[in-house]
Every structure is written in structure tokens, then in C-alpha cells.
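Letter by letter, the chains look like this.
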Amino acid sequence: MNGAESLIRTLIASGIEVCFANAGTSEIHFVLALDKIERMRCILGMAETVVTGCADGYARMAEKPAMTLLHCGPGFANGIANVHNARRASTPMLNIIGDQASFHRPFDPPLAADAEGLARAVSHWVRRSGTAQQVSSDGAMAVQVARRPPGQIATLIVPADVAWSEAGGPAAALPVVPRPRVEPEVLRKVARILRSGEPAMLLLNGQALGEAGLFAAHRIAHATGAKLRTPTQVPRLARGRGRVPIERVPYVVDTAIGALAGLKHVILVGAKPPMGFFAYPGKPSLMTPRDCAITVLTQPEQDAVAALQGLADEIGAPRVVRIEEKGLKPRIARGPFESEAFGMTLAALLPENAIVADDSVTSGRSVFPATFNAEPHDWIQSTGGAIGHAFPCGTGAAVACPDRKVVCLQADGAGMYSLQALWTQARENLDVVSVVFANRVYKILFGELRATGAEPGVASNSLFDLGRPDLDWVALAKGMGVEAVSVDSLEGFADTFRSACGRRGPFLIEFQIF
Ligand SMILES: Cc1ncc(C[n+]2csc(CCOP(=O)(O)OP(=O)(O)O)c2C)c(N)n1
């Protein structure tokens, strides 16, 4: 058995079932090992940002890592933006980078690069396997590190000679480290704050955004009057009818400051203090009032569900609390695109148990609150701000959950970063409906520019206008094997979306909003 085979067998023994890849010559022995073993599902992404974005979406839904197989430093570099997004979402991720054979590197061949440096920039753990004997135990450790709460990025660099040399057998799986619990003293301290009657808010992230965590938070809110919010973007949120409707911290700084005004306490549950996406002259970095105290209930790696349940019991919150309906009634709207009306229409038609991958930028601003009363669903977003996330993330989610409909909400400019994911959807016959908001501009950036008081000039128009030539999303999708239709009204969208949801397989709807 060579090093490649011993590593792949180790990963399979550690529960890894899917390999998203874009391999090259230095990974040939891995590909041969995958041919031989056959138990790992291999999925090609025709750009590394698709590979890493797929692995992110897969792991968020499967709650365990996939493996990525990437080619040398430059291949990994192409995938970094979505590794960054995964890191910001605390996604468990396992990257295998094939590299030059150890004895060949000193000759500085063309693809030699600082793979460690690139990997270190976005990984919690980086190792270069030194020998074929060692690579299996490195692999077992990489999986363990990736699965360490709340989820980490582990990157293993494997030189080609390590892959092809004679190795020992595979290594046994290492145990998954459990989430540590918070100390009872912390629960008592937070309970005292919440009992004080001063205006408070729980800011929930990560594990707390599942159904159990949200319900425990709802009990606390009911008993104490504390508000609940999530950060501006969520890694994965359980939502829809019958679930706790929770607002996010708004994206726009002034709106966020207004929403959090008057708070005396923010309790962090796996979240960071609420900061703006960017700084603006004369505006604060933190969205909380100056005299607001920030207290940590749980760090991201701690057991947030147990902490919230323990806190709810500590303050004597009833175990059964009704969830009041909140937000707009789902209904099919008519007329041209408008964000809230689109959200209500989507809410009326979203299939039960769907997964929504949202990278809709400005078009989606009002979609979130308008979908509180849709059928139960999960909402996943880029939490790292690197756009081009929904196509690949939704693709990976569809691999993880073949029985659930995936809906990608994708802004057009962002979509162009990773549209090759459509080809993967077609190749794997994944059940994904993508909606592209074709406004043919980087609208958010025109907005940021105007907010400075300036008007766009020749340079801004060159850089933020996506026309000349116009993108044809129907042709782009069809060119990658995905059926597509263009619509220009909400009723047109409703008809097309309904029929796309009535069948299996990938489909794209271009919503013309230009
Ligand atoms: C990887 C990455 N590159 C560039 C940016 C900067 N950026 C933020 S939003 C944006 C344009 C978004 O335009 P589009 O996706 O069309 O959405 P719209 O603003 O029109 O709603 C850009 C380029 C970014 N956030 N991430």
C-alpha cells in the first residue's frame, strides 16, 4: 500500500465520504488510490473556489467534513476565499494539498510555491507529511482537528513522493473532541444580569442557531424580556413556521446602531461583539451603545445548547412557551422585482425542509424577514464576506442532503466568481434551484460610493457597472448543462419557481431586475 492509499483508507475510517477535488499531476497517486478504493464519492469542481465552497456547504449540512484535494500552492490559493468563508462559519474542513516531490523541490519547478504560507493564512492547523509511513496518522489527526469544536480548518500538504512510496496500513480514527460545558458560575452570573430587568439582548451564533438552542433562548427571552438576535450573517439557521423567528443585526451601520440602541447588556452565545462590516469616518466600530456591557455566556467551541437550556432552567423559565408568529404572511406578489415582495413570494412557495444558500447581496436585504413564515427550512450564508459563495455552498449542501431541495439566492456580480458550480450541479444531477438577481451592476458598491456624497464618475462606472457586454445567465447556465429561464416579474418567477420545485435536478432562474 502506498502513502496515498493509506491516507485515503484512513480518511474513510475517520468518516470522510466525499472528496471535492481539482487535482493535477502531483495528486495522480491519490486519484489512482481513489480509483482502487471506490468508497469515496469524488466530485469535480472546475475551479478551486468551487471545490472549497462545496466542501463548506457540505460540512455545514452534514456536520462533518468532506475532503478537498487541491493542486499545489496555486491550486489552494485559488480556493482561499471560500476557505476563509468556511473558517468564519466555523465549518469543519479538511484540505489535502498535493505538492512537489521532496527531492524535486530544490530545483524550484514552476508550481513550487509557499503552500504552507498560503495554508497557514486560513487554516487552524497545517502539516507537511514527511514520510509515507507518517501520512496516515497525519490524516487521522487532520480529521480530528477539523472536527474539534466549533469546527476548524485542517490542511495537510502531501508531497508526491510521500503519496507514491510504500507505506504502512491506514491509521485508526481518533475520537471527536466533545464541546466543553460552561461553568455553573457563568450561568448564575448571566442569570443575575437577565434578572436585573435592564434591557438585554442575547446574540446567538453557531450551534445556538439550531432548533434546540433557539428554543432555549426563546424560553429565556419569554421569562426575562431579553431580545434575541443573530449576527448580520449566519452560518446555518433553523427557520420557518413553528420555529423561533429571530432577526439579524442589520448590515447598515446606522440601522444596526438604531436597532441596538438602549441596550444595557449584550450576552454573547458563540458570537463576537456586534461590529460593523466596515469602518466609516465618524462612525463607531461596535454597534452597541457605549454604556452597554458585553458578557460571554459561551465561547464558540462551548456547548451553547446546554448553556442556554441551563440558563433557562436557572432563571426558572417555563419549559413550554408558545412561539408567536412574526413577520409577513407568505403570498404570491405581482409586478416587477422588489426585495420584500420577492421574499413573501418565495415564502409562499419554498418547499418544506428546503436549504436556502443566500449570497443575494442587496437584492436579498428584505427577503430574510419576509420568509419567517415559510415552511421550516435552513438558511446558510457566507459569514466571511467573500462573495461568490451561494452557487458552490448550495452545491455542497445538495450533496450532503440529497432528499432536500436547495435554493441558491445569488446576486449576479457575486455569482460570476464561482458559476462553474452550475456545471457540478448538472454533472451530479443535484436538486438545486438557483435564482440569479440580474441587476447588472455592483449595486452595493454604487450605494457605498453615493453614501460618501459623491456621484459615480467614469472610473466608478467602469468598475461597478456589469454591462457592455450584458451577462446572459440563461446561456451561461445552458452552456454548463443547467436548464434556465429568464423572468421579469414576480408572477413569472412564481410560475417558474413552482414548476422548478416540482421536479428534481438543477435549474436556474434569471430574475431580470435591470
Ligand atoms: C471576494 C470578494 N471580492 C470582492 C468583494 C467586494 N464586493 C463586495 S460586494 C461586491 C459587488 C456585489 O455585486 P452583486 O453581487 O452584483 O450584488 P448587488 O450589489 O448588485 O446586489 C463586491 C465586488 C468581496 N466582498 N469579496
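Below is a short write-up of the structure.

Calculation rules
Residues numbered from 1 in each chain as written. Predicted model: local features only at pLDDT ≥ 70, side-chain atom pairs only at ≥ 80, totals over all residues. Heavy atoms only, no water. Pairing = 2+ DSSP bridges. Helix = DSSP H or I, 4+ residues; strand = E, 2+ residues; numbered from the N terminus. Axes fitted to C-alpha atoms, helices over the stretch in contact; angles between N-to-C directions. Contact = heavy atoms within 4.5 Å. Core = buried A, V, L, I, M, F, W, Y, C linked by side-chain atoms within 4.5 Å. Buried < 20%, exposed > 50% of the residue type's maximum accessible area, 1.4 Å probe, protein only. Patch = residues over 30% accessible without salt bridge, like charges linked within 9 Å, V, L, I, M, F, W, Y side chains within 5 Å. Areas by Shrake-Rupley, 256 points an atom, 1.4 Å probe, with all protein chains shown as cover. Salt bridge = Lys/Arg side-chain N within 4 Å of Asp/Glu carboxyl O. Right-handed = clockwise from strand over helix to strand, strands pointing away. Phe/Tyr/Trp six-rings, centres within 6.5 Å; stacked < 30°, edge-to-face > 60°. Lys NZ or Arg CZ within 6 Å of the ring centre and 35° of its normal.

### Considering the sheet that holds strand β3 (residues 67-71)
Read from one edge of the open sheet, 6 strands run β2-β1-β3-β4-β6-β5, paired in parallel fashion. The sheet terminates laterally at β2 (41-44) and β5 (125-128), the two strands that pair on one side only. Taking the axes of each pair of neighbouring strands and ignoring which way they run, one obtains an average angle of 20° across the sheet. Relative to the sheet, helix α1 (residues 3-13) contacts β3, β4 (93-99) and β6 (153-159), its axis offset from that of β4 by approximately 175°.

### Details of the nonpolar core
Of all hydrophobic cores here, the largest spans 62 residues; its most connected members are L202, L204, L308, F342 and L409. Among all residues touching L202, those that are not within four sequence positions of it are L194, A217, I220, A226, K227, L228, R229, I267, V269 and L308. With 49 residues, the next largest nonpolar core counts I157, C401, V406 and A421 among its residues.

### Digging into a nonpolar patch on the surface
On the surface, a cluster of nonpolar side chains totalling about 230 Å² of accessible area is made up of M275, L286 and I294. Relative to the helices and strands, M275 resides in the loop between β11 (265-269) and β12 (293-298). Given the relative accessible area of 42%, M275 is considered partly exposed.

### A few points about the side chain of D138
Within the secondary structure layout, D138 lies in helix α6 (residues 135-147). On the basis of relative accessible area, D138 is assigned to the buried category, the value being 2%. When neighbours within four sequence positions are excluded, D138 is seen to be in contact with W125, R127, S129 and L156.

### Looking at the pairing of β3
Taking burial as the measure, the 5 residues of β3 include 5 buried ones, the bulk of the element. Burial along β3 is two-sided: M67, L69 and H71 facing one way and T68 and L70 facing the other are all buried. Note: strand β1 (residues 18-22) against β3, 4 bridges, orientation parallel. Within β3, the residue paired with A21 across the bridge is L69. Across 5 bridges, β3 lies against β4 in parallel orientation. When the sheet's bridge partners are listed, M67 is paired in β4 with L94. In this region the chain leaves β3, passes through helix α4 (residues 72-88) and returns to the parallel neighbour β4; the handedness of that crossover is right-handed.

### A few points about the packing of aromatic side chains
To describe a pair of aromatic rings, you give the distance between the ring centres and the angle between the ring planes. Enumeration according to the criterion identifies 16 aromatic pairs in this entry. Between F342 and F511, the aromatic rings sit 6.1 Å apart at their centres with planes inclined by 75°, giving edge-to-face as the arrangement. Of the two residues, F342 sits in helix α12 (residues 339-349) while F511 sits in strand β18 (residues 507-512), which places them 169 residues apart along the sequence. Judged by relative accessible area, F342 falls into the buried class, the value being 0%. For F511, a relative accessible area of 0% puts it in the buried group. Taken together, the aromatic side chains of F337, F342, F437, F493, F497 and F511 make up a single cluster linked through ring pairs. If you follow R248 out to its NZ or CZ, it ends over the ring of F368, 3.7 Å from the centre.

### Observations concerning the sheet that holds strand β15 (residues 406-411)
Working definition: the strands of a sheet are paired by backbone hydrogen bonds and lie parallel or antiparallel to each other. Overall, mixed pairing links the 7 strands, which are arranged β9-β14-β13-β15-β16-β18-β17 in an open sheet. At either end of the open sheet lies a strand with only one pairing partner, and these are β9 (237-239) and β17 (483-487). When the angles between neighbouring strand axes are averaged without regard to direction, this sheet yields 20°. With 6 bridges connecting them, β15 and strand β16 (residues 432-438) associate as parallel partners. From the neighbouring strand, V407 faces β16, where its bridge partner is V433.

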